[in-house]
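Coordinate analysis (summary)
One letter stands for each residue in the lines below.
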Amino acid sequence: MKLRRLAISEEGFIFDPETGNSYTVNETGLFILEKLRQDLSPEEIARLLSQEYEVSPEEARRDLEDFLEVLTRYGLWKEPR
Amino acid sequence: MKKPYQKPSIIKLQVGLLRDKKSGLLRMVRREIDGVPVKDLVRRFGSPLFVFSEKRLRDQFRYLRRLFESHYPRVELSWSYKTNYLDAICRIFHQEGASAEVVSDFEYHKARRLGVPGENIIFNGPYKPREILKQAVLEGARINVDSLDEILDLEEIARETGQKIRIGLRINMDTGIYPRWDRFGFNLESGEVLSVARRIAAGDRLEVAGLHCHQGTFILDPEAYARAAEKLLRLTRKLEEEFGWNIEYLDLGGGFPSRSRPKGLYLPPEVGIPPLSEYAERIARSLLLGTMARDYPLLILEIGRALVDEAGFLITTVRSAKRLADGRRAYVLDAGVNLLFTAFWYHFRIEIERELPGPPEPCILYGPLCMNIDVVEENAWLPPLPRGTHLILSPVGAYNLTQWMQFITYRPRVVLIGESGQVEVIREAETLEDVVHRERIPEHLR
Ligand SMILES: Cc1ncc(COP(=O)(O)O)c(C=O)c1O
């Protein structure tokens with residue numbers, strides 16, 4: 001899985017060795033990436049987000065979907081079938 | 001305890017994009033307008049909401065008057081109605097001593113209704129209906145003529161009233177700027193002006209008392225005004241010698257820029273737009289150099305945009321957030337090009353009513369209309385905006401409240417923040433009744 005190959009720094013700097021592209025993520029973005037790398041499902045990640053942060057499960061779910069869509073567009077993540 | 005939440009975001013880095021991020025961010029928050037919290041304004045008056053600052057209106061008028069008067073001895077500032085003819089706004093400028101510059105029967109009526117006497121009205125425009133033209137003559141307005149046909153109308157009115165009418169001629173000329181507005185008035189270089197002058201002199205019912213030249217709007221070259229002033233002075237001498245007229249005023253029109261950012265101007269306004277003092281200096285220098293000390297002509301300026309633009313703000317609210325197919329964020333606002341006609345030509349300053357967490361990302365701001373053209377800003381950099389966030393767009397004081405359209409939805413309230421901080425509605429929100437009360441349903445459709 002592509003996510004595992006990414007170099008991710010603690011400050012949220014990301015380097016994709018395959019394409020040479022780099023990215024920055026914020027704290028919650030980093031949180032999500034880490035959980036994805038641990039193969040957690042989007043449902044679980046949204047639940048963890050709302051446990052860890054001041055956000056309702058619904059809003060976390062919506063924001064997560066939005067975030068995953070961006071990852072997909074950047075070619076960093078694919079929805080598992 | 002749970003940690004504060006930021007919407008997750010990831011941004012692809014491109015060379016150059018991270019420059020200047022911090023300074024950009026600091027300028028992005030606006031909690032209040034003239035000390036009144038944006039939140040309170042929305043709570044009391046709704047969103048979207050146009051907000052005008054009386055203080056800014058008066059300060060800008062006084063600044064411009066002082067500026068021009070400190071460079072030239074005889075100046076009249078006229079308020080160009082078409083830029084924003086809300087009663088309250090016009091009142092403020094008239095209180096400050098502005099005359100009224102109008103270009104139609106409607107605007108003429110509006111100025112008279114506000115108590116402006118005819119002699120304090122400048123009547124311009126390519127079509128002045130016969131009836132209002134006669135009223136303007138009888139009330140002693142300054143009339144700047146646009147065409148030969150208008151001269152014929154005025155000669156007829158002079159016959160009817162038995163008086164000789166003093167007029168101004170609108171002149172168009174090459175001042176080195178593009179586009180050249182040569183559809184208005186009479187052309188200088190082609191000799192049209194002189195032949196028209198001969199025609200007027202031969203008719204012996206009219207007398208030329210002034211020359212007028214409005215070159216365009218948002219003119220970025222102060223030198224263009226200097227050239228216009230020089231050419232008008234030369235023309236003055238020629239007309240006075242040849243026809244014995246006394247040219248009392250030179251009206252250089254408006255066109256001075258505000259601190260807005262026209263599309264296609266890539267520098268920020270602070271750098272790309274010359275200060276108004278440069279315009280005043282160039283104009284005054286040309287006039288002083290070209291005139292004998294004893295007969296300085298009256299310099300008239302018909303200022304619109306530069307007086308009112310920066311006094312106006314539009315508060316709008318994010319109503320939904322989207323992700324476009326190319327990955328960009330997009331927001332649907334409750335104000336679109338129906339209210340912001342100038343969005344087609346200018347980039348607004350976009351401020352958020354409070355600090356929001358998260359890095360700025362490229363995003364698009366759409367209005368609420370179901371039309372593809374309804375884009376308020378195609379390339380904004382904003383942190384992720386939660387639904388309900390208020391944005392403050394500026395400057396929006398010029399041309400939006402006259403060219404806005406009743407299209408698809410209602411037009412919102414306009415408020416004025418007075419000098420002591422009180423907030424007053426100067427135009428109520430539109431209602432269904434306002435929109436339909438002029439409609440008639442024919443009998444067979446009832
Ligand atoms: C004759 C005339 N005078 C003055 C103005 C005001 O121009 P601005 O708002 O650029 O100052 C206009 C605007 O079109 C105009 O047509």
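Here, every reference points to the structure presented above.
The structure reproduced in this document is the subject of the present report. (Residues numbered from 1 in each chain as written. Chains lettered and ligands numbered in written order. Predicted model: local features only at pLDDT ≥ 70, side-chain atom pairs only at ≥ 80, totals over all residues. Heavy atoms only, no water.)

1. Observations concerning the site of the ligand
Residues and elements named next belong to chain B. Around the ligand there are 15 residues in total, and Thr217, Gly255, Glu302, Arg305 and Tyr399 lie nearest to it. Interatomic distance of 2.8 Å between a backbone N/O atom of Arg305 and an oxygen atom of the ligand. At 2.6 Å, a side-chain N or O of Tyr399 approaches an oxygen atom of the ligand. Residues belonging to the shell around the ligand are distributed by class as follows: two nonpolar, eight polar and five charged. (Near = heavy atom within 4 Å. Polar contact = N/O pair within 3.5 Å; in protein donor to acceptor, adjacent residues only side chain to side chain. Nonpolar A, V, L, I, M, F, W, Y, C, P; charged D, E, K, R; others polar.)

2. Section: the packing of helix α3 (residues 54-69) of chain B against helix α4 (residues 87-95) of chain B
Residues and elements named next belong to chain B. Direction vectors running N to C along α3 and α4 enclose 35°, while the axes themselves pass 10 Å from each other. The two elements α3 and α4 meet at a crossing, and its hand is right-handed. Mapping the contact onto sequence places Glu54, Leu57, Arg58 and Phe61 in α3 and Ile89, Ile92, Phe93 and Gln95 in α4. (Axes fitted to C-alpha atoms, helices over the stretch in contact; angles between N-to-C directions. Helix = DSSP H or I, 4+ residues; strand = E, 2+ residues; numbered from the N terminus. Left-handed = near helix turned anticlockwise from the far one by under 90°. Contact = heavy atoms within 4.5 Å.)

3. Observations regarding the packing of helix α2 (residues 27-37) of chain A against helix α4 (residues 57-73) of chain A
Residue and element names in this part refer to chain A. Running from amino to carboxyl end, α2 crosses α4 at an angle of 75°, the nearest separation of the two axes being 11 Å. Put simply, α2 runs roughly perpendicular to α4. For the pair α2 and α4, the contacting residues are Gly29, Ile32, Leu33 and Leu36 in the first and Leu64, Phe67, Leu68 and Leu71 in the second. Broken down by class, the residue content of the contact of α2 with α4 amounts to seven nonpolar, one polar and no charged. (Parallel < 35°, antiparallel > 145°, perpendicular 65-115°, else oblique.)

4. Section: the packing of aromatic side chains
Residue and element names in this part refer to chain B. Under the defined criterion, the tally for this structure stands at 19 aromatic pairs over all chains. Centroid distance Phe341 to Phe344: 5.9 Å. Interplanar angle 90°. Geometry classified as edge-to-face. On the accessibility criterion, Phe344 (32% relative accessible area) is partly exposed. Site record: aromatic cluster; members linked through ring pairs are Phe68, Tyr225, Phe256 and Tyr279. (Phe/Tyr/Trp six-rings, centres within 6.5 Å; stacked < 30°, edge-to-face > 60°. Buried < 20%, exposed > 50% of the residue type's maximum accessible area, 1.4 Å probe, protein only.)

5. Digging into the interface of chain A and chain B
Contact residues are listed per partner, giving 31 residues for chain A and 20 residues for chain B. Across the chain A to chain B interface the summed buried area is about 2300 Å²; carbon plus sulfur atoms make up 53%. Considering only the side of chain A, the residues that lose the most area to chain B are Asn26(A), Glu54(A) and Arg73(A), jointly responsible for 23% of the buried surface there. Connecting chain A to chain B are six salt bridges. The salt bridge partner of Lys3(B) is Glu52(A), with a shortest N-O separation of 3.4 Å. At the surface where chain A touches chain B, the tally comes to 16 residue pairs in polar contact (both at pLDDT 80 or more). Those elements that place two or more of their residues in the side of chain A that touches chain B are β2 (13-15), β3 (22-25), α2, α3 (42-52) and α4 of chain A. Here the element with the most residues in the side of chain A that touches chain B is α4(A); it accounts for 10 residues. Class assignment of the residues belonging to the side of chain A that touches chain B gives a composition of 14 nonpolar, eight polar and nine charged. Pairing between β3(A) and strand β1 (residues 10-12) of chain B: three bridges, direction antiparallel. (Buried area = accessible area lost by both parts, 1.4 Å probe. Salt bridge = Lys/Arg side-chain N within 4 Å of Asp/Glu carboxyl O. Pairing = 2+ DSSP bridges.)

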